[in-house]
Amino acid sequence: MAFRPLEVGDVATDSAKGPGIVTFVSPSGLHHVNGVEVWWLDRDDGAVFDRFYKRGKHLDMRAAAQPPALPPRPVEQVEQVEQVEQADDEPQHWKFIEFNTTRAARGAPAAKVEVDPDGEWLWMTPLDIRLNIRDHGEHLELRKALAAYRGMA
């Protein structure tokens, strides 16, 4: 697996301040998650960024602060409702339409992506795009939308 450096828009599954989106990466190795500086973070692909070796100590302190586990509660059997899934032979439709810099400056979702062949579209954030890549697989149009956030489009 090739190492990919930390970038703005990456998803942090855990950090010193909890999960969120990377909003800033400084050359000195400090990261900001949801606008708050953190010393370490775990990215959604499993990569750990901990330049100052604070993660282990912080996780130990977090574990020590947890209350003792309660015994499990009895769970009632509930009938499962079948979910309608998209057929495997029918690929998900994606088409990157535009990137709106005005919306991005306001902090609103700025990538306009068509999600249905009938013309239905959504405004997406980097997190929305990454989650769709995770759930539906790699797609060139989703990568174009993500690249627009990075200024490479």
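Numbering of residues starts from 1 in each chain and follows the order in which that chain's sequence is written. It should be noted that, the model being predicted, local features are given only for residues of pLDDT at least 70 and side-chain atom pairs only at 80 or more, the latter also being counted only at that level, while totals for whole chains, interfaces and linings use all residues. Hydrogens and waters are ignored; side-chain quantities use all the structure's heavy atoms.

Novice: How would you explain the overall build of the protein if you had to name every residue and give the values?
Specialist: Regarding its fold elements, the protein presents four helices and nine strands. Taking all 153 residues of the protein together, 30% fall into the buried category. The contact definition used throughout considers only heavy atoms, calling two residues in contact when any of these lie within 4.5 Å. Summarising the internal contacts of the protein: among those between residues at least 6 apart in sequence, 34% fall at separations of at least 24. Numbering of helices and strands runs from the N terminus; a helix is a DSSP stretch of H or I covering at least four residues, while a strand is a stretch of E covering at least two. A simple rule labels every residue: compare its accessible area, found with a 1.4 Å probe on the protein chains alone, to the largest value its type can have, and call it buried under 20%, exposed over 50%, or partly exposed in between.

Novice: Could you give an account of the pattern of salt bridges, with specific residues and numbers?
Specialist: Salt bridge criterion: a side-chain nitrogen from Lys or Arg within 4 Å of a carboxyl oxygen from Asp or Glu. With the rule as written, the count across this model stands at eleven salt bridges. A salt bridge links Glu7 to Arg150; its shortest N-O distance comes to 2.9 Å. In this pair, Glu7 is assigned in the segment before β1 (11–15) and Arg150 in the segment after α4 (140–149), connecting sequence segments 143 residues apart. On the accessibility criterion, Arg150 (29% relative accessible area) is partly exposed.

Novice: I'd love a proper account of the side chain of Glu141, names of residues and values included.
Specialist: For Glu141, the location among the structural elements is in helix α4. Take Glu141: its relative accessible area is 15%, and that puts it in the buried class. Looking at Glu141, its side chain comes within polar contact range of the side chain of Lys144, at 3.1 Å. When residues no more than four places from it in sequence are discounted, the contact partners of Glu141 are Trp94, Lys95 and Phe96. Contacts described as polar in this section are N or O atom pairs within 3.5 Å, which, within protein, must combine one atom able to donate a hydrogen with one able to accept it, while residues neighboring in sequence count only if both atoms come from side chains.

Novice: Help me get a handle on the sheet that holds strand β9 (residues 121–124), residues and values and all.
Specialist: Neighbouring strands of a sheet are bound in pairs by backbone hydrogen bonds; such pairs are parallel or else antiparallel. The strand order across the open sheet formed by three strands is β7-β8-β9, and the pairing between neighbours is antiparallel. The outermost strands of the open sheet, each flanked by one partner alone, are β7 (95–99) and β9. Between one strand axis and the next, the sheet turns by 25° as a mean value, whatever way the strands run. When strand β8 (residues 111–114) meets β9, the two strands line up antiparallel, connected through four bridges. A pair of strands counts as paired when DSSP detects no fewer than two bridges linking them. In this analysis, axes come from line fits to C-alpha atoms, helices being fitted only over the stretch in contact, and the angle between any two N-to-C directions falls in the range 0 to 180 degrees.

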